[in-house]
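Listed here are the chains, written in short residue letters.
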Amino acid sequence: MVLQVMSTDKHFIVKYQIDQPRGSEYIVILGRGFGGAKTGGTWRRFLCPRFAADSVTPRCVRQLIEWCLDEHLTRQETDWQSHPIGL
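All values derive from a computational prediction rather than experimental measurement.

Visitor: Can you tell me about the environment of glutamine 4, naming the residues and giving the values?
Guide: Turning to its location among the elements, glutamine 4 is positioned in strand β1 (residues 2-6). In the structure, glutamine 4 is positioned 16 residues away from glutamine 20 in sequence and 15 Å away in space, judged by C-alpha atoms. Side-chain polar atoms of glutamine 4 contact the side chain of lysine 15, separated by 3.4 Å.

Printed below as a string of structure tokens:
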């Protein structure tokens, strides 16, 4: 199951897979709106906190959006196997 959050103008588009293995959680950024990182509108993956274990709640969605839009956080880009990519 995947949680996808999208703004009405499609500037902010993210996908988060529910129940990812602990310690290797990532979020896929599709839109240009992502706090503190230049995404350019292409698929990019970033390590992230665990937002939802096995179900989605309004709280999980709020936490995900707030984390994505926080411009003060340091982000770590990752490859498809959750290995960090040097920025």
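Visitor: Lay out the environment of threonine 74 with the relevant residues and their values.
Guide: Mapping threonine 74 onto the fold places it in the loop between α1 (58-69) and β5 (77-78). Threonine 74 gets classed as exposed once you look at its relative accessible area, which sits at 77%. As a C-alpha pair, threonine 74 and glycine 35 span 39 residues in sequence and 9.6 Å in three-dimensional space.

Visitor: Please set out the nonpolar core residue by residue, giving values where relevant.
Guide: If you look at the biggest cluster of nonpolar residues, it comprises 17 residues, and the most contacted ones within it are Val14, Tyr16, Ile27, Leu64, Trp67 and Cys68. Elements that contribute at least two residues to this core include exactly β1, β2 (13-17), β3 (26-29) and α1. Per-element tally for this core: the top contributor is α1, with four residues. Leaving out residues up to four positions away in the same chain, cysteine 68 has contacts with Phe12, Val14, Ile27, Phe34, Gly35 and Arg75.

Visitor: So what about the pairing of β1? Which residues, and what values?
Guide: Here β1 shows one buried face, formed by Leu3 and Val5, and one open face, formed by Val2, Gln4 and Met6. Judged from the five bridges that link them, β1 and β2 form a sheet pairing that is antiparallel. Note that in β2 the partner of methionine 6 across the bridge is isoleucine 13. Linking two consecutive strands that pair antiparallel, namely β1 and β2, is a turn of six residues; a positive phi of about 60° is found at lysine 10 within it.

Visitor: Would you mind going over the sheet that holds β2 in detail, with residue names and values included?
Guide: Spatially, β1-β2-β3-β4-β5 is the arrangement adopted by the five strands of the open sheet, whose pairing is antiparallel. Sheet topology places β1 and β5 at the edges, where each strand pairs with a single neighbour.

Visitor: Report on the packing of aromatic side chains, specifying residues and quantitative values.
Guide: Under the criterion given, the structure shown has four aromatic pairs. Between tyrosine 16 and phenylalanine 51, the aromatic rings sit 5.3 Å apart at their centres with planes inclined by 75°, giving edge-to-face as the arrangement. One end of the pair, tyrosine 16, is in strand β2; the other, phenylalanine 51, is in the loop between β4 (44-47) and α1, with 35 residues separating them in the sequence. Phenylalanine 51 matches tyrosine 16 in its accessibility class, with the two residues each being buried. Ring geometry for phenylalanine 51 versus tryptophan 67: centroids 5.9 Å apart, planes at 65°, classification edge-to-face. In this pair, phenylalanine 51 is assigned in the loop between β4 and α1 and tryptophan 67 in helix α1, connecting sequence segments 16 residues apart.

Calculation rules
- Each chain carries its own residue numbering, running from 1 in the written order of its sequence.
- Totals for whole chains, interfaces and linings use every residue, but because this is a predicted model, local features are given only for residues with pLDDT of at least 70 and side-chain atom pairs only at 80 or more, for both listing and counting.
- To obtain the side-chain values, all non-hydrogen atoms of the structure were included, while hydrogens and water were left out.
- Strands are runs of DSSP state E lasting at least 2 residues, helices are runs of H or I lasting at least 4, and numbering of each runs from the N terminus.
- Between N or O atoms, a polar contact is any pair within 3.5 Å; within protein, one atom must be a potential hydrogen donor and the other a potential acceptor, and residues adjacent in sequence are included only when both atoms are from side chains.
- Buried residues are those whose accessible area, probed at 1.4 Å on protein chains only, stays under 20% of the maximum for their type, while exposed residues exceed 50% and partly exposed ones sit between those limits.
- As used here, the term nonpolar core means buried Ala, Val, Leu, Ile, Met, Phe, Trp, Tyr and Cys residues forming a set that is joined through side-chain atoms within 4.5 Å.
- Here, two residues are considered to be in contact whenever any of their heavy atoms come within 4.5 Å of each other.
- Here, any two strands with at least 2 DSSP bridges between them count as paired.
- Two aromatic rings, drawn from Phe, Tyr or Trp (for Trp, its six-membered ring), form a pair once their centres lie within 6.5 Å of each other, and the interplanar angle then sorts them: stacked below 30 degrees, edge-to-face above 60, tilted otherwise.

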